[in-house]
Structure formats: C-alpha cells, structure tokens
Amino acid sequence: MTSTPGSGGPTAAPTPRRSDRHEDRQDARRDDRPDTTPRLRRRFSRAERLVHRTTAALMLLCVATAACLYVPQLAELVGRRYLVVTLHQWSGLLLPAPFLVGLASPSFRADLRRLNRFAPHDKEWLRAVRRRDFRPGSRPSGKFNAGQKVYAGWIAGAVLVMLATGLMMWFTGLTPLVWRTGATFVHDWLSLAVGLVLVGHIGMAYADPQARRGMRTGSVERPWAEREHPLWKEEE
C-alpha cells in the first residue's frame, strides 16, 4: 500500500497506552500535592547517643542491684548476694567512664556548655512550670530547657556523691568508722532519691516520642524543635 500525502502528520504519532496516561495523571497529582514529609533537624551526634546509652545501662544496673541488696523479697528471689554486690560495685565505679570518654567529642563538649549555662529565659521557664502555665510560648528554651539543665546538674552531683560514699563503704580502711557510718546513711537515702528521679525521667521520655527519637536516631522533626525549643536556633 502506498501512503497518501499528509500521512506523516500528527495523526501518525503513536497513541499513548491507557496505563501510561494513568501514570501521567498520578504523577501530576503528586506534583500538585504539598510536601508533607517532616523536615528533620540534627539534635545529637553518635558519640552523644553512645554516652547516654552506656550511662543509662550502667545506672540501671546499679539501681537494680541496689534494689536486690536492700529489698528482702528481691534478695531472696535473686540470691547470689556476692555476685550482686560485685555487679553493684563495678557498675557504680564505671559510671563516670562514659562521660570521661565522651569529652573527646566536640559535640558532646558543646552540649555540656549549653547544659552548664543558665540564661534569663531559663528562669522564665521555671516560673512558668511553678505556675503550671502551659500556654504556647510561656516556656522558652534553647536546645535544652531549664528542667533538663537542672536534672543534668543534679544527677551529675548525685553520681559523684554516690561514688565517694560507695568507695568509703567498699574500702573500709580508708576512713574511720564514724565517716563510714555517715557515708552509708547518705549513700542509702541518695540512692532512693536517684531511683525516684530516674523513674520520673523515664516517664517523661515515654510521654514525648520526639525526644526519644532524638536520642535514638539523632534527629527530630523540625516543627517539634521549633515548638518545644524555640531559642535553639538563636543559640547556634
């Protein structure tokens, strides 16, 4: 068959398949749809997360073994008191180690400086907590809020006191009896306070999925960061 004039015009182009037209329409709709993927912001480095996880593991081991030593029901259930005592002593002795190793990380040192610095907005945050003020913007904070700074300072001091009193109880020849008696009293009651504070810390972490995500993956959603830590960007 011979072709007729004009057969090479537009009518000669191949007709798109139905599936191709359907995919084109879907692509067009995706292009028109707003991007709902949450933007992420880096919060913690790998070194900081490792320091936190190692410290948490040692702290939980220390608290768990202390409970097995002081609660009779747990002591009977677990048994092997000598092993429990050994685990308690060494977990307490190693507790500062992750912190000391983490000092090699610049990001860890930078966050330590933030935790150690109280600004006027931190006082405003504490006043809002005392008044139970939950209005947006009533609790300004940087990368760390005032509550986190107070907790970090308190737990660091408690660890040092627990370490010192624990060494007095472990090595009985270092100090006189009256010192060891006082150290035992302080160690026992402070360990109870530490356990209660840790329960509160864990409870608050479970109530905030984004805070857990930041410690688990190192990143948080930017809207959460802007809402909960509005002054974080200004600090940097």
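Below, the structure is looked at part by part. (Residues numbered from 1 in each chain as written. Predicted model: local features only at pLDDT ≥ 70, side-chain atom pairs only at ≥ 80, totals over all residues. Heavy atoms only, no water.)

**Examining the packing of helix 7 (residues 120-130) against helix 8 (residues 146-170)**
Then comes step 1: It is at 8 Å that the axes of helix 7 and helix 8 come closest, and there the two elements cross at 95°. Considered as vectors, helix 7 and helix 8 are oriented roughly perpendicular to each other. Across from Asp122, Trp125 and Leu126 in helix 7, the residues of helix 8 making contact are Ala146, Gly147 and Lys149.
Then comes step 2: Split by residue class, the contact of helix 7 with helix 8 holds 3 nonpolar, 1 polar and 2 charged. (Axes fitted to C-alpha atoms, helices over the stretch in contact; angles between N-to-C directions. Helix = DSSP H or I, 4+ residues; strand = E, 2+ residues; numbered from the N terminus. Parallel < 35°, antiparallel > 145°, perpendicular 65-115°, else oblique. Contact = heavy atoms within 4.5 Å. Nonpolar A, V, L, I, M, F, W, Y, C, P; charged D, E, K, R; others polar.)

**Observations concerning helix 8**
Then comes step 1: For helix 8, built from 25 residues, the straight-helix expectation of 36 Å at 1.5 Å per residue is met to within 8% by its first-to-last C-alpha distance of 36 Å.
Then comes step 2: Those residues of helix 8 that fall on the buried side of the exposure criterion are Ala146, Lys149, Ile155, Ala158, Val159, Met162 and Thr165.
Then comes step 3: On its buried face, helix 8 is in contact with helix 2 (46-70), helix 6 (106-115), helix 7 and helix 9 (177-206).
Then comes step 4: A distance of 3.0 Å separates the backbone nitrogen of glycine 147 from a side-chain oxygen at the start of helix 8, and that oxygen is part of asparagine 145. (Expected span 1.5 Å × (residues − 1). Buried < 20%, exposed > 50% of the residue type's maximum accessible area, 1.4 Å probe, protein only. Polar contact = N/O pair within 3.5 Å; in protein donor to acceptor, adjacent residues only side chain to side chain.)

**Description of the environment of lysine 233**
Then comes step 1: You can see lysine 233 is positioned in helix 12 (residues 232-235).
Then comes step 2: Its relative accessible area of 66% is what places lysine 233 among the exposed residues.
Then comes step 3: C-alpha of lysine 233 to C-alpha of lysine 143: the two residues are 90 residues apart in sequence and 8.0 Å apart in space.

**Let's talk about a positive patch on the surface**
Then comes step 1: Among the surface-exposed residues, Arg42, Arg46, Arg53 and Arg216 lie close enough to one another that they form a single positively charged patch.
Then comes step 2: The topology assignment puts arginine 216 in helix 10 (residues 209-217). (Patch = residues over 30% accessible without salt bridge, like charges linked within 9 Å, V, L, I, M, F, W, Y side chains within 5 Å. Areas by Shrake-Rupley, 256 points an atom, 1.4 Å probe, with all protein chains shown as cover. Salt bridge = Lys/Arg side-chain N within 4 Å of Asp/Glu carboxyl O. Lys, Arg positive; Asp, Glu negative; His and termini not counted. Charge placed at Lys NZ, Arg CZ, Asp CG, Glu CD.)

Purely geometric numbers; function is a separate question.
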